[in-house]
Amino acid sequence: MEENILLQARGLVKEFPAKGKKRVHAVSGVDLDIRAGETLALVGESGCGKSTLGRTLIGLIPPTAGTVCFEGQELTGMSARQFAPYRRQMQLIFQDPYASLDPRMTVRDIVAEPLVTYKLCPDKAAVTQRVRQLLDAVGIPDEFLYRYPHQFSGGQRQRIGIARAIALQPKLIICDEPVSALDVSVQSQILNLLKDLQERLGLTYLFISHDLSVVRFMADRVAVMFLGKLCEVGGTSAIYQRPLHPYTRFLLAAIPKADPRLRDGSVPLLQGELPSPIDPPAGCRFHTRCPYATDRCRAEEPALRPLEGRQVACHRAEELMEK
Amino acid sequence: MEELTLKIEHLCSGFFTERGYVPAVDDVSLVIPQGQVVGIVGESGCGKSMIARSVMGLLKYPGRITGGSIQLAGRELTGLPDRQMQRIRGKDMAMIFQEPMTSLNPVATVGRQMREALLLHEKMDKNAAREQVLNMLERVGISEPEKRYNAYPHELSGGLRQRVMIAMAMICMPKLLIADEPTTALDVTIEAQILRLIRDLSRQTGMSVLLISHNLGVIAQMCDAVYVMYAGKIVEQADAFTLFDSHAHPYTKGLMDSVIDLKTNPRRLPAIGGVVPNLLHLPAGCAFSPRCPLAGERCRAERPEMEQLAPGHMCRCFEGRRA
Amino acid sequence: MALFKTKAAAVSEELASQIGESDTLSIKLRRMVRRNKLAAFSGVLLALLVLCAVFAPVLTPYDAVTGDIAQRLKPPSAAHWLGTDEMGRDVLTRLLYGARVSLAVGVVPTLASMIIGAALGMAAGYLGGKADHIIMRLADVMLAFPSLLLAMVIMYTLGGSVLNIFLALTLISWASVARVARSETISLKESEYVEAARSIGVRPARIILRHILPNCIPSFIVLFTLNVPGAILSESSLSFLGIGIQLPNSSWGLMVNMGRQFLYNAPWISLAPSAAIMLVVLCCNFLGDGLRDALDPHLNND
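No experiment lies behind these values; they were computed from the predicted model shown.

Parameters at a glance
- Residues numbered from 1 in each chain as written.
- Chains lettered and ligands numbered in written order.
- Predicted model: local features only at pLDDT ≥ 70, side-chain atom pairs only at ≥ 80, totals over all residues.
- Helix = DSSP H or I, 4+ residues; strand = E, 2+ residues; numbered from the N terminus.
- Rg over C-alpha atoms; globule rule 2.2 N^0.38 Å.
- Buried ≥ 20, exposed ≤ 12 C-beta atoms within 10 Å, placed from the backbone.
- Contact = placed C-beta atoms within 7 Å.
- Axes fitted to C-alpha atoms, helices over the stretch in contact; angles between N-to-C directions.
- Parallel < 35°, antiparallel > 145°, perpendicular 65-115°, else oblique.
- Left-handed = near helix turned anticlockwise from the far one by under 90°.
- Nonpolar A, V, L, I, M, F, W, Y, C, P; charged D, E, K, R; others polar.
- Pairing = 2+ DSSP bridges.
- Right-handed = clockwise from strand over helix to strand, strands pointing away.

### Describing the overall build of chain B
A count of helical and extended segments in chain B gives 12 helices and 12 strands. Here the C-alpha atoms of chain B give a radius of gyration of 21 Å, agreeing with the 20 Å that 2.2 N^0.38 yields for 323 residues. Dimensions of chain B along its principal axes, counting C-alpha atoms only, are 70 × 50 × 45 Å. Across the 323 residues of chain B, 52% fall into the buried class. Across chain B, every contact between residues at least 6 apart in sequence was considered, and the portion connecting residues at least 24 apart equals 64%.

Listed below in structure tokens is the structure:
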């Protein structure tokens, strides 16, 4: 591989037990590379398994099968003690800034928690000093150090969550829908902050989102996920200009455009609902909603294969390119 | 003279709390001509949902309407006793919410819940009501209405639940449908379906819609006229085309700039600085002045009034013409 | 009607976002005082009662143990507000001294059972799996016994003393606390901030102490006020049956029992402590209800 790969997943599977003897197939065989320094976006609709995939990648949830390697070192199967140094390298930013901060802790204690856990500072004063630096880096004024989460707005809380995530100077941060709970104007502030921090600290992001506009701004590469499988992986501009997988195409077309002139009733909409991950369709998992599905799609599962410098999992990708 | 479905004049409503009166809606006037879709756009806490609740008569303690008038098809609603409001709700106007699961009764089947309104308002017998419910389910694009009729809400997916909510709201053919963030909890592909459904229903039945959203894309796709709200006040109103082409208020501009363009790839996003003001301690002058790039002395001292810039285009800003 | 059931929490949520802050504990308590006068009144009354028990020697001129036999079985009068008993002791005095035992019996075993129950319940909820299974089956076994019968067996074997009463009452009430603690912990364990702590690599014991316990405290406070009356009643029953507090100590239950023989001639001997028990139990329940409404966000709307 010519690029410097930070995190590599091969054949990753995660299943949860469901009612009866059934199983929820949240992630079904995912191969994914995250390159050092990039922002890789994981895009998909709710229930497609993107959050589960993110948590499995950083070892918060053990995978059912498959391997994850961090800088060439296999993480799966490690004991808690062996895993501890890697845990520090991979942090998480959460979706809901109201739920991800303990309501009964002050901002100082929240941001100090990682520092205290790994005993990174010699004494309390040093911890406080470091917390001040971190809060300053995310734009939270000094005088708020001893306030409680409920005294902050959603955007400010998300900043505090970011300060906590960068406290351990991790290499990889999983951003799980970090702005979807925020107002539009605040959303831009947080996205800018994330980009600045990436540049200053040399972070790698796995950016999980259902919002394709946000992904367009943040990501270098995009991985589109449908029902536990990747259907297209490639450079952001390329995918947005010319999506190759029909699902990607429908996703992009469905974004409500902020221009009343584009109020076009003729845009084809994806019909139907997301199939159940308990009982995923045979063959291509998208075939029940895909207008181009053939018998082959219903019987044979398409593998992710290279096409036009990207990876696509669609039997008919070449044909559909012509259209 | 076209007929007005809804006419709100100088509406004030707010909460009486331990910390004082919170003016959530402050002197709001708004009209919805028959058959039109009118949008209110703004950030969370700007009072847009309070308007909806005030119209529906669903304000809960400690919220109360403190002034102004609300007329539904010429009939004054403020001051009506609860019993009469109940007769109007569900028959002449109905509301759909962001999270359909919380507004559906989890222990009653879809059919039973929908029938309730018909038995109550239209004095129909059960069989006729059942017929009409099945009709309506089909009309909102639910396949196998017979099967869904006997389903419980938790057995349906998010998109289907929202369709059921819409069918329920539409069952008595209301004059006004209030949709409070109807697609915020849904995925893009489902969002597009639901929006198209609401618009088609409005066109077919001549029903007026009050659409509340924070998403300018949704507003652009759906609305004939748009009201922009900030800190309890309308700051700009215009028809959709004027608003998106030649908005005058700096807040509207800030919102528009925050929308991410899918074609270009900027390094930073324009963002509105600062946070939404605390309604208990509003600034002395224009509520937006602390965050406004154009704010001058006068803006910080005096509260601007609504000013007409062009027929049908109003703006609450001293600098409105310049911007 | 179902169609227009609004999201009840939405209003208070929106309210919170409008104001830009949510309620602190003191604001919640103040709201309780304002909205729920009964709960506030009960709280004041209980506090007064505790003070009376503490300052009993100052408040009454009589002795609790020795009486004036010439003054036996006198009805309430200016000298003896609640009359005297069969030994000529002042009933009010016995009541005040008895309050010390009864209130201590209400508080101490309840507190002890809460500490034990909370620790076991939180461990079971957080660790899950085998630990959960063992602890909760044990709790189920405890809950399956009729609790008063169990307490009676313990008292019979160990003998009646205040310490043994504490022991017996603790033993019969930890299981229900463990249940509550476990379910609270399971729901808090799913919360994002606990997941955040896990993703940092914070150890389980620290997560329980720093994140789960402080967030359980409001429900523990409520549970406490609701369990105290149970303990007081159990002690009264045991003492009434003669296997609780022993003479010459007094407790309310014992006083009711002793007065039983004179119920026709001198009903005040039994009635006064009965009324006191009822009052405390009711006050605790009212206060508990009020606190629950004030502290539980799910019930926090009219």
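Alright, that's what it looks like, and here's the rest.
### Details of the packing of helix H6 (residues 129–144) of chain C against helix H8 (residues 162–189) of chain C
Residues and elements named next belong to chain C. Across the interface, H6 lies against H8 with an axial gap of 9 Å and an inter-helix angle of 140 degrees. When the axes of H6 and H8 are compared, the pair comes out oblique. In this structure, the crossing between H6 and H8 has a hand that is left-handed. Only Ala175, Ser176, Ala178, Arg179 and Arg182 of H8 make contact with H6, whose side of the interface consists of Ile135, Met136, Ala139, Met142 and Leu143. Of the residues belonging to the contact of H6 with H8, the class tally is seven nonpolar, one polar and two charged.

### Let's talk about the sheet that holds strand S2 (residues 23–35) of chain A
Residues and elements named next belong to chain A. Pairing is antiparallel in the open sheet, where four strands are placed in the order S2-S1-S4-S5. The open sheet has two edge strands with one neighbour each: S2 and strand S5 (73–74). Pairing of strand S1 (residues 5–17) with strand S4 (residues 65–70), which is carried by five bridges, proceeds in the antiparallel orientation. When the bridges of S4 are listed, alanine 9 appears paired with valine 68.

### Topic: the interface of chain C and chain A
At the interface, 16 residues of chain C touch 19 residues of chain A. Within the residue set of the side of chain C that touches chain A, elements represented by two or more residues are helix H9 (192–200) and helix H10 (204–240) of chain C. Broken down by element, the residue count for the side of chain C that touches chain A peaks at seven residues, all from H9(C). For the side of chain C that touches chain A, the per-class residue count stands at six nonpolar, seven polar and three charged.

### Here's the deal with the pairing of strand S6 (residues 93–96) of chain B
Residues and elements named next belong to chain B. Here S6 shows no split at all, with Met93 and Met95 on one side and Ala94 and Ile96 on the other all buried. Sheet analysis places S6 next to strand S7 (residues 176–180), joined by four bridges and oriented parallel. When the sheet's bridge partners are listed, alanine 94 is paired in S7 with leucine 177.

### Description of the environment of Ile173(A)
All names here are of chain A. By secondary structure assignment, the location of isoleucine 173 is in strand S7 (residues 172–176). What makes isoleucine 173 buried here is the crowd of 26 C-beta atoms within 10 Å. Remark: the alpha-carbon pair of isoleucine 173 and leucine 203, spanning 30 residues in sequence, is separated by 7.1 Å.

### Some remarks on the interface of chain B and chain A
Listed by partner, the interface residues are 37 residues for chain B and 34 residues for chain A. For the side of chain B that touches chain A, the leading source of residues is helix H8 (residues 188–205) of chain B, giving seven residues. Class assignment of the residues belonging to the side of chain B that touches chain A gives a composition of 20 nonpolar, 12 polar and five charged.

### Observations concerning the sheet that holds strand S2 (residues 20–33) of chain B
All names here are of chain B. Reading across from one edge, S2-S1-S4-S5 is the order of the four strands in this open sheet, with antiparallel pairing throughout. Each having just a single partner strand, S2 and strand S5 (75–76) make up the two edges of the open sheet. Where strand S4 (residues 63–72) lies against S5, two bridges are found, and the strand directions are antiparallel. Across the sheet, leucine 72 pairs through a bridge with arginine 75, a residue of S5.

### What to know about unusual backbone geometry
Residue and element names in this part refer to chain A. Unusually for a residue other than glycine, lysine 119 sits at a positive phi of about 50 degrees. Along the chain, lysine 119 turns up in the loop between helix H3 (107–117) and helix H4 (124–137). Residue classification places lysine 119 among the exposed positions, given that 8 C-beta atoms sit within 10 Å. The phi angle at leucine 227 is positive, at roughly 50 degrees, despite the residue not being glycine. Among the structural elements, leucine 227 can be located in the loop between strand S9 (221–226) and strand S10 (229–235). Of the residues examined, leucine 227 has 25 C-beta atoms within 10 Å and is grouped as buried.

### Quick look at the pairing of S7(B)
The side chains of a regular strand alternate, residue by residue, between the two faces of the sheet. All names here are of chain B. With five of its five residues buried, S7 lies for the most part within the structure. By the bridge criterion, five bridges tie S7 to strand S8 (residues 208–213) in an arrangement that is parallel. Considered in S8, the bridge of aspartate 180 is made with isoleucine 212. Following the backbone out of S7, through H8 and into the adjacent parallel S8, one traces a crossover that is right-handed.

Geometry only, nothing functional implied.
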